[in-house]
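Chain and residue survey
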Amino acid sequence: MNKTQKLTWFGVLSYLLTIAIGVYIGVRIFLLKTLPEGFLGRCCPIIAVYGLVALSIVLIRRKQSRLEPDSDERDELIKKRAVQISLISAGLLLAVATLVPALILGEASSIPVYLLTLSNLGVFLTAMLIYSVAVLVQYAWGGEK
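Summarised in this report is the structure supplied together with it. A quick note: this is a predicted structure, and the numbers were derived from the prediction, not measured. (Residues numbered from 1 in each chain as written. Predicted model: local features only at pLDDT ≥ 70, side-chain atom pairs only at ≥ 80, totals over all residues. Heavy atoms only, no water.)

Looking at the overall build of the chain
Each helix and strand in the chain was counted, giving four helices and zero strands. Along the chain, helices and strands appear, N-terminal first, in the series α-α-α-α. In terms of C-alpha radius of gyration, the chain reaches 19 Å, well past the compact-globule figure of 15 Å for 145 residues. With respect to the three principal axes, the spread of C-alpha positions in the chain is 60 × 40 × 20 Å. Within the chain, the proportion of its 145 residues that are buried is 26%. (Helix = DSSP H or I, 4+ residues; strand = E, 2+ residues; numbered from the N terminus. Rg over C-alpha atoms; globule rule 2.2 N^0.38 Å. Buried < 20%, exposed > 50% of the residue type's maximum accessible area, 1.4 Å probe, protein only.)

Brief notes about the nonpolar core
Ranked by size, the top nonpolar core spans six residues in total: Ile78, Ala82, Tyr131, Ala134, Val135 and Tyr139. If you list the elements that add at least two residues to this core, you get helix H3 (73-105) and helix H4 (113-141). Looking at this core, the element that brings in the most residues is H4, giving four residues. Apart from residues lying up to four places away in sequence, Tyr131 is in contact with Lys79, Ala82, Val83 and Ser86. Of all hydrophobic cores here, the second largest spans five residues; its members include Val12, Tyr15, Leu125 and Leu129. (Core = buried A, V, L, I, M, F, W, Y, C linked by side-chain atoms within 4.5 Å. Contact = heavy atoms within 4.5 Å.)

What about helix H1 (residues 3-31)?
For the α-helix, the turn length of 3.6 residues means that residues three or four positions removed from each other point alike. A rise of 1.5 Å per residue sets the reference length of H1, with its 29 residues, at 42 Å; its end C-alpha atoms lie 41 Å apart and thus fit the reference within 8%. Those residues of H1 lying buried are Thr4, Gln5, Lys6, Thr8, Gly11, Val12, Ser14, Tyr15, Ile21, Gly26 and Arg28. One or two positions beyond H1, positive phi appears at Lys33, with a value near 60 degrees. (Expected span 1.5 Å × (residues − 1).)

Next comes the structure, spelled out in structure tokens:
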């Protein structure tokens, strides 16, 4: 597994962890109307993030052999295709994030400003997750030129 694949797996894990923590905190605050309580409720997400960062420092820095290059032409082509897929998906996701509130709430209603920030953050995280998955899928398929 080369450095690009390691970084991509780290990206997938970190984006999924971020989405899971965001959903947990969102459910606690907006649906249950309470703040996370106790040490585990407040510190478990932070411990999980720091654990993932520590694990990534150890695993990503280690090479399989000294002769292994950081990247080659195939890696660059795979990353270029993945960026194209991610940008197309970001455009579609932004269109969906614009249309869904209008369809659900109606055109004359308003939404809080912080929801715009959260929807943009959600679009960004989803687009980056799609980028990482696109890289991994291309490596699984062999990444033909």
